[in-house]
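Listed below, chain by chain, are the residues.
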Amino acid sequence: MPKTIPSTAAYPSDVFNLDRTALEESYLEIRKNYSSLMRSRGAYKGQARKSQEAMKVLEEKLRAIAEREASVRAEAYEMLDIVTGVIGELEDAGDELVAEYQAYEKGRKTYQGGSFIGRLIRAVIKFINRWTSSKEKLDVLIKKQESMNKKLQEDHGTDS
């Protein structure tokens, strides 16, 4: 436990009535306390400097993590956008295909199926085109996912 420094009340406020020995004792005690305070001050400043340096390092690491997370988050939103688009396109194409098939079925029962076959075939062609387009987007999505996984593995490897 550090030595406590006496208050100023412990020392005489009027030095004119002190004899030489008492004056020297008081002076040496004050000097010793001053020296102790300066050492403590130096240690405190050293600790404060180390703490500031550690805070800077921690701040830099936190910024790097935040930047990485923002990058990953942006890629995740981009991937989600692709998935949403693909699902929407396939849903629209499937709905159109079902509607045209139902129209064909109704028309066939009334002997007007021939006019609906052309629309049904066009709906099938649109579905195939959208399906092909969706598969290409899915390939892009898979590559992005692999890239993100690789980046996350690298980041976790360097943080450990």
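As the structure is a prediction and not an experimental result, all values here were calculated from the model.

J.: Hey, could you run me through the overall build of the protein chain in this one?
T.: Within the protein chain, the secondary structure is distributed over two helices and zero strands. Counting across all 160 residues of the protein chain, residues that qualify as buried make up 16%. Sequence separation of at least 24 residues holds for 71% of the intrachain contacts in the protein chain that already meet a minimum separation of 6. Accessible area for the protein chain stands at about 13000 Å²; split by element, carbon and sulfur atoms hold 58% of it.

J.: Help me out: how do you make sense of the pattern of salt bridges in this one?
T.: For side chains bearing opposite charge, pairing can occur when the charged atoms are close. Going through the model one piece at a time under the given rule, you end up with six salt bridges. A salt bridge links E29 to K32, with the shortest nitrogen-to-oxygen separation between them at 3.9 Å. Here E29 and its partner K32 are both found in helix α1 (residues 20-109), three residues apart, which amounts to about one turn of the helix. With a closest N to O distance of 2.8 Å, R63 and E59 form a salt bridge. Residue R63 and its partner E59 are located together in helix α1, separated by four residues, close to a single helical turn.

J.: Would you take a moment to explain the nonpolar core for this structure?
T.: Inside soluble globular proteins, nonpolar side chains tend to come together where they are buried. By size, the foremost hydrophobic cluster in this structure holds six residues: V72, M79, I82, V86, L141 and M148. Breaking this core down by element, the ones donating at least two residues are α1 and α2 (113-159). Among the elements that line this core, the one with the most residues is α1, at four residues. If we skip the residues at most four places from it in the chain, M148 touches V72, E75, A76 and M79.

J.: What am I meant to see in a nonpolar patch on the surface here?
T.: A cluster of nonpolar side chains, namely M55, L58, L62 and I65, defines an oily patch on the protein surface of about 380 Å² accessible area. Tracing the sequence through the fold places L62 in helix α1.

J.: I tried to follow the environment of A103 on my own but got confused; where do I start?
T.: Here A103 lies in helix α1. Separated by 13 residues in sequence, A103 and F116 place their C-alpha atoms 6.6 Å apart. Aside from chain neighbours lying at most four places away, what touches A103 is F116 and R119.

J.: What am I meant to see in the side chain of S26 here?
T.: Within the secondary structure, S26 sits in helix α1. In this view, S26 contacts Y11 and P12; residues no more than four positions away in its chain are not counted.

What counts, and where the lines are drawn
Residues numbered from 1 in each chain as written. Predicted model: local features only at pLDDT ≥ 70, side-chain atom pairs only at ≥ 80, totals over all residues. Heavy atoms only, no water. Helix = DSSP H or I, 4+ residues; strand = E, 2+ residues; numbered from the N terminus. Buried < 20%, exposed > 50% of the residue type's maximum accessible area, 1.4 Å probe, protein only. Contact = heavy atoms within 4.5 Å. Areas by Shrake-Rupley, 256 points an atom, 1.4 Å probe, with all protein chains shown as cover. Salt bridge = Lys/Arg side-chain N within 4 Å of Asp/Glu carboxyl O. Core = buried A, V, L, I, M, F, W, Y, C linked by side-chain atoms within 4.5 Å. Patch = residues over 30% accessible without salt bridge, like charges linked within 9 Å, V, L, I, M, F, W, Y side chains within 5 Å.

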